[in-house]
Amino acid sequence: MAESLYDRYMKAEAAYRAHGKTCTSCSSTTARCRDGQRLYESFARLQDAYLAQLRRG
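What counts and what doesn't
- Residues numbered from 1 in each chain as written.
- Predicted model: local features only at pLDDT ≥ 70, side-chain atom pairs only at ≥ 80, totals over all residues.
- Heavy atoms only, no water.
- Helix = DSSP H or I, 4+ residues; strand = E, 2+ residues; numbered from the N terminus.
- Rg over C-alpha atoms; globule rule 2.2 N^0.38 Å.
- Buried < 20%, exposed > 50% of the residue type's maximum accessible area, 1.4 Å probe, protein only.
- Contact = heavy atoms within 4.5 Å.
- Areas by Shrake-Rupley, 256 points an atom, 1.4 Å probe, with all protein chains shown as cover.
- Expected span 1.5 Å × (residues − 1).
- Core = buried A, V, L, I, M, F, W, Y, C linked by side-chain atoms within 4.5 Å.
- Arc of directions from axis to C-beta.
- Phe/Tyr/Trp six-rings, centres within 6.5 Å; stacked < 30°, edge-to-face > 60°.
- Lys NZ or Arg CZ within 6 Å of the ring centre and 35° of its normal.

Enquirer: Describe the overall build of the protein chain, with residues and values.
Expert: Along the backbone of the protein chain there are two helices and zero strands. Scaling as 2.2 N^0.38, a compact globule of 57 residues should have a C-alpha radius of gyration of about 10 Å, whereas the protein chain reaches 13 Å, well beyond that. On the principal axes, the C-alpha backbone points of the protein chain span a range of 40 × 25 × 15 Å. Looking at the protein chain as a whole, 25% of its 57 residues qualify as buried. By sequence separation, contacts in the protein chain at least 24 residues apart represent 50% of the contacts at least 6 residues apart. Counting every atom, the protein chain has about 4,500 Å² of accessible surface; 51% of that belongs to carbon and sulfur.

The following block contains the structure:
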């Protein structure tokens, strides 16, 4: 069975947060490292898709 959009969104969020806890290059006030940026973009893209799905009903 394929993962739901919500499950993928939550996994992306968890991966981004986990990276942020261990990466010394990423912070909320500076640019993200390459991996941090990739994880953030994945999280943001899935979040946008999930919210759009909710709006469509």
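Enquirer: Please provide a residue-by-residue account of helix H2 (residues 34–56), values included.
Expert: With 23 residues, H2 extends 33 Å between its outermost C-alpha atoms, agreeing within 8% with the 33 Å of an ideal straight helix rising 1.5 Å per residue. Within H2 the residues assigned to the buried category are Gly36, Leu39, Phe43, Ala44, Leu46 and Tyr50. Glycine 57 occupies a position one or two residues after H2 and carries a positive phi of about 90°.

Enquirer: Report on the nonpolar core, specifying residues and quantitative values.
Expert: Counting residues in each nonpolar core, the largest one holds six residues, listed as Leu5, Tyr9, Ala12, Phe43, Leu46 and Tyr50. Put simply, the parts of the chain that give this core at least two residues each are helix H1 (5–22) and H2. Ignoring any residue separated from it by four or fewer positions in sequence, one finds phenylalanine 43 in contact with Tyr9, Ala12 and Glu13.

Enquirer: Describe in detail H1, supporting the description with residues and values.
Expert: A rise of 1.5 Å per residue sets the reference length of H1, with its 18 residues, at 26 Å; its end C-alpha atoms lie 26 Å apart and thus fit the reference within 8%. Those residues of H1 that fall on the buried side of the exposure criterion are Leu5, Tyr9, Ala12, Glu13 and His19. The buried residues of H1 occupy an angular sector of 130° when projected down its axis, which confines them to one face. Every exposed residue of H1 that faces more than 90 degrees away from the buried side is listed here: Lys11, Arg17, Lys21 and Thr22.

Enquirer: Which residues make up the packing of aromatic side chains, and what values go with them?
Expert: Both the distance between ring centres and the angle between the ring planes are used here to describe each pair of aromatic rings. Tallied over the full model, the rule gives seven aromatic pairs. Their ring planes at 15° and their centres at 5.9 Å tell us that tyrosine 9 and phenylalanine 43 sit as a pair that is stacked. Of this pair, tyrosine 9 sits in helix H1 while phenylalanine 43 sits in helix H2, placing them 34 residues apart in sequence. Put simply, the rings of Tyr6, Tyr9, Tyr16, Tyr40, Phe43 and Tyr50 pair up and form one aromatic cluster. We note arginine 32 situated over the ring of tyrosine 40; from NZ or CZ to the ring centre the distance is 3.8 Å.

Read these as layout, nothing more, since geometry by itself doesn't imply function.
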